[in-house]
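# Report on the structure
The chain contents come next:
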Amino acid sequence: MKSLPERTDVLVVGAGPAGATTSLFLEQKGIDHLVIDQSEYPRDKICGDALSGKVIDVLARLDPRLVNEMEALTGEFLPCYGITFVAPNGTDLSIPFRTKVADRLTAAGFISPRLDFDAFLVSKIHPERLRTSCKLISLSKPGAIASAPGAESMASAPGAGSASTTAGEHQVTVEYQGEQRTIRARYVVGCEGERSLVAKEWAGYVKNKNHYCAALRAYYTGVTGCHADNYIELHFLKDILPGYLWIFPMSNGRFNVGIGMASHRIAQRKVNLKAAFEKAIREIPALRERFAQAQPLTPLQGWGLPLGSKRFPLSGEGFLLVGDSGSLIDPFTGEGIGNAMKAGYHAAEHLALSLQNGRRDTAWMRSYDQRVYRDLGGELQIGKTLQKLTNYPRLFDFVVGKAARNRELRNLISSMFDDISLRNRLRNPFFYLRLLLSRD
């Protein structure tokens, strides 16, 4: 087993998509860093397993060959070409995914078990940067603040190596090889997911049911009636709004099937999610027929999703939060992987500037928050608006029904997956008024 270095410029806690992406971009810049994770890979992660166009964009930015390599692994990655929304009244709306990358000869998205996708990303981390079976135990309080550029004897450029000073470094205690060890780091990046110790200890994150979702997932075989182009499906059932039941086709005849609902609604209505799922596939006619011969491969398993319907602090003195640790999950679709990987890119960019300027104070680190929310904030707000829309089933039924009958509106919604300015229309009340007055 590899030895554990005593110090590093950047310590990345967690090797999931958030941490792996951060590491890969740091490696491109030649920045000294270490990634630790309490698990060994491959390891399963309860998730919907859908990889959106954002994932493809980030991988292509890293290295276009990664996308080609992933596409070639047909037993692990199933190409996906669209999405189907099913309104509470049963009206369905199928929307093809569009891409603006004209030279990309690949699907706009994929579906892959996290067991495979996370292991794929981890395999790309430089072996000397990664320590698995390394569990974070505790964190020091942030060290001395660098009051001005050059106040600490830091590396003058990315990849310049480690300076001898310990001023302002964090001390992190981990369990590794059966012993507790200490790692010193100038910067710590929290990528541990929704139970992030970095977020709790340093950013003061406290679970808020108003901005949280509970979900259950199982793998099935034998589900029928799926789209020929492997569209993912979101079924907005009246009894679980705001939330949905999903059916995602996978390779080798498997299906990722699950249910999710806003936690505060679960508490208010005393909803049993497992019972709601079983009732839906047993009693809703369209689902009952499709699950008639279906067999579960795994039991329903649960996890929590911290939603981006509220902006939480993503940074502080010498630390950053990436992905689920920073509550960056889309409140409407539940997408977290693409957002995590985009934030990982921004984290690496910000850390490169931080090392160049010798800055780690809170005011400086908060520019990372600005980067992330400038990129993802608009989408998260729209997701919040759409999540609220599902609180009004009749309005949701109306919009989906109108789009199902109106080609122009279908094309507009299809474009919205790429163009945030178009998605902003969904936040404007006049959009619905125009829908009401328009002809089909």
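Counting restarts for each chain: residues are numbered from 1 in the order of the written sequence. Given that the model is predicted, a residue must reach a pLDDT of at least 70 before its local features are reported, and side-chain atom pairs must reach 80 or more before they are shown or counted; all residues, however, enter totals for whole chains, interfaces and linings. Excluded from the side-chain calculations are hydrogens and water; all other atoms, namely the structure's heavy atoms, are used.

Both trends apply: most residues other than glycine have a negative phi, and most peptide bonds are in trans. Look at the link from Tyr 41 to Pro 42: it is a cis peptide, with omega at 5°. Helix and strand assignments follow DSSP, with helices taken as H or I runs no shorter than four residues and strands as E runs no shorter than two, numbered in order from the N terminus. Structurally, the position occupied by Pro 42 is in the loop between strand E2 (33-36) and strand E3 (50-51). Cis geometry is adopted by the peptide bond preceding Pro 242, which originates at Leu 241 and carries an omega value of -5°. When you line up the elements, Pro 242 lands in the loop between strand E13 (232-235) and strand E14 (243-249). Although it is not a glycine, Ser 133 adopts a positive phi angle of roughly 55°. As for its position among the elements, Ser 133 is in the loop between strand E8 (130-131) and strand E9 (135-139).

A 1.4 Å probe rolled over the protein chains alone gives each residue an accessible area, and that area as a share of the maximum for its type sets the label: buried under 20%, exposed over 50%, partly exposed in between. Counting buried positions along helix H4 (residues 114-122) gives 7 out of 9 residues, so the element sits mostly inside the fold. The complete set of buried residues in H4 reads Arg 114, Asp 116, Phe 117, Asp 118, Phe 120, Leu 121 and Val 122. In this structure, the buried residues of H4 make contact with helix H1 (17-28), E3, helix H2 (53-62), helix H3 (64-72), E8 and helix H9 (337-357). Should any heavy atoms of two residues lie within 4.5 Å, those residues are considered in contact.

Note on soluble globular proteins: their nonpolar side chains tend to be buried together. Put simply, a nonpolar core is a bunch of buried Ala, Val, Leu, Ile, Met, Phe, Trp, Tyr and Cys residues held in one set by side-chain atoms that sit within 4.5 Å of each other. Leu 59, Met 70 and Phe 117 are the most contacted members of the largest nonpolar core, which has 54 residues in total. Of all elements in the fold, only strand E1 (7-13), H1, H2, H3, H4, strand E11 (179-190), H9 and helix H10 (362-389) reach the threshold of two or more residues within this core. With 10 residues, H9 is the single largest residue contributor to this core. With near-sequence residues (within four places) excluded, Phe 117 lies in contact with Pro 17, Leu 51, Val 55, Leu 59, Met 70, Phe 77, Ser 112, Ile 337 and Met 341. Core analysis: the next-biggest nonpolar cluster, separate from the first, contains 31 residues, Ile 232, Met 250, Leu 305 and Ala 403 among them.

Only the stretch in contact is used when fitting a helix axis, every axis being a line fitted to C-alpha atoms; angles between N-to-C directions are given from 0 to 180 degrees. As a packed pair, H2 and H3 sit with axes 5 Å apart at the nearest point and diverge in direction by 125°. As summarised for this structure, H2 and H3 are arranged oblique, according to the angle between their axes. Residues Ile 56, Leu 59, Ala 60 and Leu 62 of H2 form the contact with H3, whose own contacting residues are Pro 64, Leu 66, Val 67 and Met 70. Throughout this entry, Asp, Glu, Lys and Arg are counted as charged residues, while Ala, Val, Leu, Ile, Met, Phe, Trp, Tyr, Cys and Pro are counted as nonpolar. The remaining residues, Gly among them, count as polar. Across the contact of H2 with H3, the residue classes tally to 8 nonpolar, no polar and no charged. Oblique is the label for any angle not under 35 degrees, not over 145, and not in the 65 to 115 range, which are roughly parallel, roughly antiparallel and roughly perpendicular in turn.

The term salt bridge refers to a pairing of a side-chain nitrogen on Lys or Arg with a carboxyl oxygen on Asp or Glu at a separation within 4 Å. One pass over the full model with this rule turns up 21 salt bridges. Residue Glu 194 pairs with Arg 195 through a salt bridge whose shortest N-O separation is 3.2 Å. With relative accessibility at 19%, the residue Glu 194 sits in the buried group. Of the residues examined, Arg 195 reaches a relative accessible area of 66% and is grouped as exposed. Glu 283 serves as the salt-bridge partner of Arg 282, at 3.6 Å between the closest nitrogen and oxygen.

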